[in-house]
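Chain by chain, the residues:
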Amino acid sequence: MEDVEIDAPGPGQVLVRIAGVGICHSDFLPRTPMAKPPIVTGHEGSGVVAALGAGVTDLAIGDHVVLSFDSCGDCRNCLDAQPAYCTSFWPRNMSGFRPGRPTNVRDAQGQPVKGNWFGQSSFAEYSVVAARNAVKVDPSLPLELLGPLSCGVLTGAGSVFTSLDVQAGSSLAVFGTGTVGLSAVMAARVAGAAVIVAVDVNPDRLRLAEKLGATNTFVADTEDLVEVVKALVPGGLDYSLDTTGVPAVVSNAIDVLRLRGVCGCVGVQLKPLLVRPDQLAFGRTIKGILEGDSVPKLLIPRLLELWRQGRFPFDQLIRTFPLEQINEAERAMKSGAVVKPVLVPRKDVS
Ligand SMILES: NC(=O)c1ccc[n+]([C@@H]2O[C@H](COP(=O)([O-])OP(=O)(O)OC[C@H]3O[C@@H](n4cnc5c(N)ncnc54)[C@H](O)[C@@H]3O)[C@@H](O)[C@H]2O)c1
Ligand SMILES: [Zn+2]
Ligand SMILES: [Zn+2]
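Residues numbered from 1 in each chain as written. Chains lettered and ligands numbered in written order. Predicted model: local features only at pLDDT ≥ 70, side-chain atom pairs only at ≥ 80, totals over all residues. Heavy atoms only, no water.

As annotated in an unreviewed UniProt entry, the chain carries the name Alcohol dehydrogenase and is attributed to Nocardia rhizosphaerihabitans. As stated in UniProt under Cofactor (unreviewed entry), the record for the chain gives "Zn(2+)". The UniProt entry for the chain carries the following comment under Sequence similarities (unreviewed entry): "Belongs to the zinc-containing alcohol dehydrogenase family." (UniProt positions renumbered as here; feature names shortened; annotations may be inferred.)

Caption draft 1: Focus on the coordination of the zinc ion (ligand 2). At this site the zinc ion (ligand 2) is bound by C24 (SG), H43 (NE2) and C151 (SG), with donor distances of 2.1 to 2.3 Å. Between consecutive donors of the zinc ion (ligand 2), the numbers of intervening residues give the motif C-x18-H-x107-C. Taken together, the positions of C24 in the loop between strand 2 (13–22) and strand 3 (44–52) and C151 in the loop between strand 8 (134–137) and helix 3 (152–163) put the pair 127 residues apart, joining distant regions of the chain. The burial state of C24 is the same as that of C151; both residues are buried. (Donors = N, O, S within 2.8 Å, 3.2 Å for Na, K, Ca; no water. Helix = DSSP H or I, 4+ residues; strand = E, 2+ residues; numbered from the N terminus. Buried < 20%, exposed > 50% of the residue type's maximum accessible area, 1.4 Å probe, protein only.)

Caption draft 2: Seen up close, the domain arrangement of the chain. By the assigned domains, the chain splits into domain 1 (5–150 + 313–344) and domain 2 (156–291). Each of domain 1 and domain 2 has a C-alpha centre, and the two are 29 Å apart. Taken together, the contact between domain 1 and domain 2 spans 15 residues of the former and 15 residues of the latter. Across the interface of domain 1 and domain 2, roughly 1,200 Å² is buried in total on both sides, 63% from carbon and sulfur atoms. Summed over the three residues of domain 1 that lose the most area to domain 2, namely Q316, L317 and V339, the buried surface amounts to 39% of that side. On the surface where domain 1 and domain 2 come into contact, there are zero salt bridges. Here domain 1 and domain 2 share four residue pairs in polar contact (both at pLDDT 80 or more) between them. Considered class by class, the residues forming the side of domain 1 that touches domain 2 number eleven nonpolar, three polar and one charged. (Domains from an automatic or database assignment. Contact = heavy atoms within 4.5 Å. Buried area = accessible area lost by both parts, 1.4 Å probe. Salt bridge = Lys/Arg side-chain N within 4 Å of Asp/Glu carboxyl O. Polar contact = N/O pair within 3.5 Å; in protein donor to acceptor, adjacent residues only side chain to side chain. Nonpolar A, V, L, I, M, F, W, Y, C, P; charged D, E, K, R; others polar.)

Written out as structure tokens, the structure reads:
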């Protein structure tokens, strides 16, 4: 933890006082060659608008907002309502830099620190974000818990509602029941799927999956797992979703499908997939998915309405930690004890 200076919001930007921020796997990428420190990560933030940059008209000081990933709003995929595939997604979200401006954060020695991780860098007390990426929410909602709606929860729910377009009465198998997988399970129940299978190595996660809507759960080392899952529905399942990124698991996720079934892949992985042509020869599809193909300003309010109705209890995945306990929170996440840690900055910050 260290003090940094952050510039006032520029044109089209707002300063947000962070109320809570989830930890998601991409936040660890600066420990790999993919994104170099010094950088402030954190990309599942929520908070209160504290200052407005020039030209911001759709937000006001005091508004409650959830901070989503950044996109340009103007490229081919943004215009097609697919901002997660913005052609400048990588520099805007994974470099830590601001388009056209190296950085807006400096350390105590005045040295630049990257401050635009996923357009927000929200492992902090304050964050400057583009107003375009701040989703206004009802102030009566529990603001400090809402950040994960912008990535992990959005990805699981969007994968079911949009990418796979799960139909009422259909069947889905979810491999890996962390934040993304459990959000997919909840969304599949909302969508009216008749068979919702959950597979994980962690039996506690499977118990939670049952509570959230899974109709059948299996530990990953179940003997003849593929045959057992496939046998639940004559001919195999309509859809599967891999959230593990483990090549052998993706292969199982394809094998449980019926003829023409669709397997969605959200697990980020660097190892090659092991897929035989005959696994696909049955008209099956493998589909790569970013952020559940979602438009955050459309999906987040829908998820909040479902939460209000008790039909999408994403808060059951969350445990809060003081921001200072970020290392304890990471350990709890990696041990499997906590599904989604959310860091809460001190409230007495000026
Ligand atoms: N594509 C996207 O837009 C996007 C967005 C958010 C997260 N992600 C990625 O999705 C993945 C899942 O994210 P998460 O937040 O749900 O992570 P998580 O760690 O909470 O969940 C992963 C789950 O997979 C389980 N698992 C591990 N190995 C397994 C195996 N062999 N068989 C079955 N289950 C196994 C773990 O026990 C865990 O419950 C990560 O790789 C993350 O980086 C992708
Ligand atoms: Zn994420
Ligand atoms: Zn774009």
